[in-house]
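# Structural features, examined
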Amino acid sequence: MSGEIRYALAESACVEPLVGRWVAWPHVMAPVTQSLHLLNYQIKTIGSYLGNPAIHEISCRNPKLLGGAFVDVPATRLSEVRDFLALTEETFSDNLAFARKLIEFHNKLVAEAKGESLEDCYQRIPEPLRGYVELLYDYYNRPIVRPLEGLLYKSGYYKKEAQSLRLFRQETDLERPYYMSTPRLSGDDSLDWTVAFDDPRIDELFRLDQEPKSFDEIRSLLDAPASQDAKLRAILRETDGAIRAPWSGDEVRVRYFGHACALVESGGVSILIDPLIAARPEQHDVERFSFGDLPERIDYVLITHGHHDHFVIESLLRLRHKIGTLVVPKSSGVFYGDLSLKLLARQLGFADVREVDYLDEFAIPNGRIVAVPFLGEHNDLPSAKAAYFLRLGARSLLFAADSNCLDPEIYAHLLRETGPIDTLFVGMECVGAPLTWVYGPILPNKPEHRHSQGRRSNGCNSSAALELARAVGCRWVFVYAVGREPWVRYLLALTPADDDVYMVEIAKYIRSLRDELGVGAELLFGRAEILI
C-alpha cells in the first residue's frame with residue numbers, strides 16, 4: 001500500500017561476489033586460470049592453514065606480511081575450514097584434473113616438440129583437455145597449448161552454480177581480509193545469496209537506490225528466510241528513492257573516486273574509468289565519493305586492464321544496470337593467462353561490450369574516445385590492456401592508468417593521431433609486485449627467484465613519468481592509482497607511509513614538472529572534483 005516503508009541499500013552495505021566462496025576476480029572467473037589458481041594457490045594455502053592455523057593467525061596481524069598466503073580465519077573455526085576444503089575438492093574435482101593435465105601435457109610438449117608437425121600430438125591430448133585446446137608453435141618453434149576460452153565458458157569447467165553474493169554491513173575500511181588468501185566462510189554476520197553473476201535479479205537489487213522496495217519484496221528477491229531478517233535490516237535504509245541529476249556545466253567535470261577510478265562528465269555524456277567504488281563504512285576517516293554520487297546512467301565504462309584493482313567485478317556488477325557500453329582492451333587470444341575481458345564481461349551479464357585494440361576509436365557527442373598503447377606493469381607477460389585518450393569539446397585528457405613510459409616515441413606517434421593532450425592522469429606505483437605474486441599460480445613452471453624479483457609490475461617512477469609528461473606536452477598532471485586509499489588495502493596489501501618509495505618519487509616528479517616544464521600537478525587521494 002502507499003504508506004508502506006521502502007528500502008534501499010545502506011551506504012555501508014557491501015556486496016562481495018564470490019566464486020566457490022573466494023572473492024571473485026578475473027583469475028578465478030576464467031575456467032583455465034581458475035582451475036590453475038585453485039590447484040596451485042587456494043588449496044595449498046588452505047592446506048598450510050590446516051597444518052598450522054596459529055601461524056596464519058599471527059601472520060595476518062603483521063602489517064609486513066600483508067598480501068602473503070595466510071588465511072585470516074581464527075583457529076576456533078578449524079573444523080569449518082577442513083570441511084570447506086573437502087567440499088571444494090569435491091565440487092571442483094574436474095577443474096583440478098584439468099589443471100594438472102594442462103601443465104603436465106604442456107611441459108611434455110615443450111620438452112619433445114622441436115619444430116616438426118604437431119598434427120600427431122592431438123592424439124596425445126589427455127582426456128580433460130580434449131576438444132578444448134589448439135596446439136601451436138611460436139616463430140621460434142616453441143609449442144603453445146592454446147585453450148579455446150569461449151568453449152570452456154560453455155563447459156562444465158565454468159561453474160555458475162558456485163557463484164554467490166555476500167552482503168554485509170561494513171563497519172570499517174580495514175576489516176575486509178586480503179582478497180586472494182582468505183575464503184569467505186558462511187555463518188558470520190553476512191547474508192549469502194546463491195545467484196549466478198549474469199542473473200538479471202542482481203540488477204533489481206542494485207536498482208534499489210532509484211527504485212526502493214518493501215522489506216518483504218527485498219527478502220523475497222534474495223530468497224532470504226525470515227531467520228535472516230536482522231542481517232538484512234542491517235544493510236538497508238529507509239528511502240523514497242533518489243535520482244542524481246547529470247552534470248550540466250560548461251566545463252569538463254572529473255570526479256575522482258579513489259585509486260584509478262574517475263568519472264568524466266561533459267556535454268551530457270558520462271564516462272567512468274576503471275570503476276572501483278567504495279562503500280561508506282559506519283566508521284571511516286577518509287571521505288569518498290560512493291555509489292550515490294554517480295549519475296543515473298553511465299554511458300561508457302572504460303577498463304584499462306584486467307588486474308583485480310581495475311577490472312573490479314564487485315563494482316561492475318553493482319553498476320551493470322546503469323552502464324550503457326562497457327569498453328575493454330583486446331587480448332592476444334593465444335596465452336591462457338591473457339584473458340579475454342570481452343568473454344569475461346559477457347559472463348557477468350553485460351550485453352553491450354566493445355573490445356578495442358590500440359588506436360581503435362569511436363565518436364561520442366562532441367568528442368571521441370581512443371584506445372592508446374599501454375606498456376609495462378604486467379611483468380613482461382602478454383595481457384589485454386589500453387590507456388584512453390578522451391577528446392571532449394576543446395579539452396583533451398589521457399588516462400594512462402599504470403602505464404610505464406618505456407618508449408616515449410610511442411606518444412610522439414600518438415599525438416599525430418590525437419592532437420595535443422591538455423591533462424594527464426598517470427599512475428606511479430613504481431615498485432610493483434614480483435612476477436609470482438599474481439601470476440605464479442598460473443605459470444607452467446616456477447620461475448627463478450631472480451626472474452621473479454626482476455620482472456615486477458612497475459608503473460612510472462619520477463623520471464619515466466616526466467618523460468611521459470614531456471612527450472604529450474600536457475599542461476596539468478594528476479597522479480592517481482597509487483593504492484593509498486584504505487578501502488583498497490584488502491586488494492593491494494599496501495600500508496602507505498609518507499616516506500615510502502611512491503611518495504618520494506611522486507614528490508620528486510611534482511617538483512620536476514613545476515621546475516623543468518612549468519606544469520601544474522597534484523597527487524589525488526580519497527576524493528576530488530576537478531573542473532577542466
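Since the structure is predicted, the reported quantities are computational estimates derived from the model, not experimental observations.

## Regarding the nonpolar core
Membership of the largest hydrophobic core comes to 89 residues, with the highest contact counts inside it found for Leu135, Tyr179, Leu398, Leu424, Val477 and Tyr509. Looking at this core, the element that brings in the most residues is helix H1 (residues 31–51), giving eight residues. Residues Val195, Leu205, Cys261 and Leu316 belong to the second largest nonpolar core, which totals 56 residues.

## Points about the sheet that holds strand S3 (residues 22–23)
Taken together, the four strands give an open sheet; going across it, the order is S3-S2-S6-S7, and neighbouring strands pair in antiparallel fashion. Edge positions in the sheet fall to S3 and strand S7 (191–194), since each has one partner strand and no second. Across seven bridges, strand S2 (residues 13–19) lies against strand S6 (residues 163–169) in antiparallel orientation. What sits directly across from valine 15, in S6, is leucine 167.

## A closer look at unusual backbone geometry
Phi angles above zero are rare outside glycine, and arginine 21 is one such case at about 75°. Secondary-structure assignment places arginine 21 in the loop between S2 and S3. You can call arginine 21 buried: its relative accessible area is 18%.

## Observations regarding the pattern of salt bridges
Counting across every chain of the model gives 37 salt bridges. A salt bridge links glutamate 16 to arginine 166; the nearest nitrogen and oxygen atoms lie 2.7 Å apart. On the criterion of sequence distance, the pair formed by glutamate 16 in strand S2 and arginine 166 in strand S6 is long-range, its members being 150 residues apart. Using a relative accessible area of 0% as the deciding quantity, one classes glutamate 16 as buried. For arginine 166, a relative accessible area of 12% gives the class buried. The closest approach of N and O atoms between arginine 142 and aspartate 138, which form a salt bridge, is 2.8 Å. Among the residues examined, aspartate 138 registers a relative accessible area of 23% and is labelled partly exposed. What emerges from the salt-bridge pattern is a single network uniting Glu16, Arg166, Arg176, Arg184 and Glu314.

## Section: helix H11 (residues 409–418)
Note: α-helices contain 3.6 residues per turn, so residues at a spacing of three or four share the same orientation. Listing the buried residues of H11 in full gives Tyr411, Leu414 and Thr418. Projected down its long axis, H11 shows its buried positions confined to an angular sector of 55°, all on one face. The inward-facing, buried residues of H11 contact strand S16 (367–372), strand S17 (387–392), strand S18 (395–399) and helix H14 (462–472).

## Let's talk about the packing of H1 against helix H4 (residues 93–112)
Relative to each other, H1 and H4 sit at 95°, their axes nearing to 8 Å. Classified by the interaxial angle, the pair formed by H1 and H4 is roughly perpendicular. Counted together, Pro31, Val32, Gln34, Ser35, Leu36, Leu38, Leu39 and Ile43 of H1 and Asn95, Leu96, Phe98, Ala99, Arg100, Leu102 and Ile103 of H4 form the full contact between these two elements. Looking at side-chain class alone, the contact of H1 with H4 contains eleven nonpolar, three polar and one charged residues.

About the criteria used
Residues numbered from 1 in each chain as written. Predicted model: local features only at pLDDT ≥ 70, side-chain atom pairs only at ≥ 80, totals over all residues. Heavy atoms only, no water. Core = buried A, V, L, I, M, F, W, Y, C linked by side-chain atoms within 4.5 Å. Buried < 20%, exposed > 50% of the residue type's maximum accessible area, 1.4 Å probe, protein only. Helix = DSSP H or I, 4+ residues; strand = E, 2+ residues; numbered from the N terminus. Pairing = 2+ DSSP bridges. Salt bridge = Lys/Arg side-chain N within 4 Å of Asp/Glu carboxyl O. Arc of directions from axis to C-beta. Contact = heavy atoms within 4.5 Å. Axes fitted to C-alpha atoms, helices over the stretch in contact; angles between N-to-C directions. Parallel < 35°, antiparallel > 145°, perpendicular 65-115°, else oblique. Nonpolar A, V, L, I, M, F, W, Y, C, P; charged D, E, K, R; others polar.

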